[in-house]
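Okay, here's what each chain looks like letter by letter:
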Amino acid sequence: MATVSNAMWNLESFIDSLVVELDKARETLAIKAINKPLTYTVKDVGLDLHLFPTYNGDEVKFITAQPGQSGASRLSIQLGSITDQQIRQTTREPVSKDAITIDKIDVDNETRKSLRKMGVTSVNDLEKLENKNVDIANVSNNKISYKNLADIIKKSKRHSTPPSVGKVSLNMSGAKPIIIVDGNNLHLDAGFEPVAVVNNKLVHVLTSDNRKLEIEVGPDTLKKGKNELVMTLDPFAIFKIDINQQDNEREQRKTF
Amino acid sequence: MEIDEAMLEMGGFVSQMVDLDGILFDLEEKVLVQLEKADLEIPIQLEILNTNDEGLKIGCSPPLYYVETTVLPVFHQLKVNIEITENKASHGDSL
């Protein structure tokens, strides 16, 4: 008799492996069909398995019954044929490369599991639910709320588009000096106005966008030598830049 | 870890089951019969290996021994429905 190395498995990995194997069978048949006038295709496959399920409080796993073991459960799996059109109708779009999956956001495991149980795999899914006014707190037994997740999601989004400062220059031609900060992904949150502080004094941010910030400072705010500029672009992007007015050297530090 | 040599991986097993000529020809009676559809239901022995890298490996075979013993192997059941396909360029929509 064949030696059977029995191992615990979960249903998802079993179905995955089964589908891979049936795909292989289909490929083999497709090659044979090139030279044979008559071929057969597998319309559907069913499996009745004798096994023992176990539940460890987290997931259900199965182990196939061994010779001599009685009382095994029977699991029936039926795999039918499916057309490409049916796949498109019943399958969600694959997660895109720039989408933020729930694995990437900083939430505890229980919240992540609750989200997954609800079929939420990315932040986009969550936003769709919010737009449709789904009471997610009720569905998840008050484990999840949009309010709690909103900041985490914003933080994750900010991490995927981190700000960077390329150049800081000082324009002295107007009545008041203007600090011009050039960079990338500087001001992305339309609901938050950037705040700037120079040498512990609040200064006025004239304009701000993705690539540039113009900060008006009082004539007495800047001093010769080292000046400290702190910019809060949004709650998750705070810059501290040391500007040396004499030789325009600057040192840049970034905190999230 | 490999599947037991007495077994085949599920994909190979299913494709061998479906590898039929499908035509029965009687020269004397001059009768030709073509198989249109077949529903197979057979007991199988399974070996499921959990390889961390490649996921699960599923090996299967028909019953390897037919001698009745005190402790018999566990026989699972495999059902496969196959249908004839015309040999056109567009094949392979089904499993």
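As the structure is a prediction and not an experimental result, all values here were calculated from the model.

Attention shifts here to the overall build of chain A. Helix and strand counts for chain A come out as 6 helices and 11 strands. In chain A, which comprises 256 residues, the share counted as buried stands at 34%. Across chain A, contacts joining residues at least 24 apart in sequence account for 49% of those joining residues at least 6 apart. Split by element, the accessible area of chain A, about 15,300 Å² in all, is 49% carbon and sulfur.

Core analysis: the biggest nonpolar cluster contains 33 residues, and A:Phe14, A:Leu18, A:Leu47 and A:Leu49 have the highest contact counts within it. Elements that contribute at least two residues to this core include exactly α1 (11-35), β1 (38-55) and β3 (73-80) of chain A together with α1 (10-18), β4 (37-51), β5 (55-61) and β6 (76-86) of chain B. If near-sequence neighbours (up to four positions away) are discounted, A:Leu18 is found in contact with A:Leu47, A:Ile77, A:Leu79, B:Met10 and B:Ile58. With 20 residues, the next largest nonpolar core counts A:Ile215, A:Leu222, A:Leu233 and A:Ile241 among its residues.

Moving on: the confidence of the model for chain A. All names here are of chain A. When the pLDDT values of chain A are averaged, the result is 80; 88% of them are 70 or greater. Ranking the elements of chain A by mean pLDDT puts strand β11 (residues 250-255) last, at 46, and strand β2 (residues 60-64) first, at 91. Considering only residues more than four positions removed or in separate chains, one finds that residues 247-256, a stretch of pLDDT under 50, has 30 contacts.

Attention now goes to the interface of chain A and chain B. Listed by partner, the interface residues are 48 residues for chain A and 51 residues for chain B. Both sides of the chain A and chain B interface together cover about 4,500 Å² of buried area, and 59% of this is carbon and sulfur. In this assembly, chain A and chain B are joined by 2 salt bridges. Only α1, β1 and β3 of chain A provide two or more residues apiece to the side of chain A that touches chain B. The biggest single contributor to the side of chain A that touches chain B is α1(A), with 15 residues.

Quick notes on the rules
Residues numbered from 1 in each chain as written. Chains lettered and ligands numbered in written order. Predicted model: local features only at pLDDT ≥ 70, side-chain atom pairs only at ≥ 80, totals over all residues. Heavy atoms only, no water. Helix = DSSP H or I, 4+ residues; strand = E, 2+ residues; numbered from the N terminus. Buried < 20%, exposed > 50% of the residue type's maximum accessible area, 1.4 Å probe, protein only. Contact = heavy atoms within 4.5 Å. Areas by Shrake-Rupley, 256 points an atom, 1.4 Å probe, with all protein chains shown as cover. Core = buried A, V, L, I, M, F, W, Y, C linked by side-chain atoms within 4.5 Å. pLDDT = per-residue confidence, 0-100. Buried area = accessible area lost by both parts, 1.4 Å probe. Salt bridge = Lys/Arg side-chain N within 4 Å of Asp/Glu carboxyl O.

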